[in-house]
Amino acid sequence: MRFNAHGTVSRTHDAMQVKPLWEQVKQEVEAFYGDGPYDTCGVRDHLEEEKMRQIIPLRGNAKSRLHGNSKV
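Note that the structure is a prediction, hence the values are computed from the model and not measured. (Residues numbered from 1 in each chain as written. Predicted model: local features only at pLDDT ≥ 70, side-chain atom pairs only at ≥ 80, totals over all residues. Heavy atoms only, no water.)

Undergrad: Lay out the pattern of salt bridges in plain terms, naming residues and giving numbers.
TA: Taken as a whole and assessed by the stated rule, the structure comprises two salt bridges. Of the charged contacts in the structure, one is a salt bridge between Asp39 and Arg44, with a shortest N-O distance of 2.8 Å. In this structure, Asp39 and Arg44 share a single accessibility class: buried. Notably, a salt bridge pairs Asp39 with Arg59, separated by 3.8 Å at the nearest N-O pair. With Asp39 in the loop between β2 (31-33) and α2 (41-49) and Arg59 in the segment after β3 (53-55), this residue pair connects regions lying 20 residues apart in the sequence. (Salt bridge = Lys/Arg side-chain N within 4 Å of Asp/Glu carboxyl O. Buried < 20%, exposed > 50% of the residue type's maximum accessible area, 1.4 Å probe, protein only. Helix = DSSP H or I, 4+ residues; strand = E, 2+ residues; numbered from the N terminus.)

Okay, structure coming up:
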């Protein structure tokens, strides 16, 4: 199953909704697809804990990260 998270209320940052949305999913998820705003340490940490493949492009201003997702 793919978990595609998108479409949140304008006052809520999309990345803040990953965990609450994830808690509603009852099936095994192989991969998380997200756009640049999901490129946060919090999202990536959560997905790593869940052992989920991350398909998230780096933000334009990405810096070196613990996860090794830096633009070099």
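Read on for the rest.
Undergrad: Go over the nonpolar core, please, and point to the residues and values.
TA: If you look at the biggest cluster of nonpolar residues, it comprises eleven residues: Ala15, Val18, Trp22, Val25, Val29, Phe32, Tyr38, Val43, Leu47, Met52 and Ile56. The set of elements that each furnish at least two residues to this core consists of α1 (18-22) and α2. (Core = buried A, V, L, I, M, F, W, Y, C linked by side-chain atoms within 4.5 Å.)

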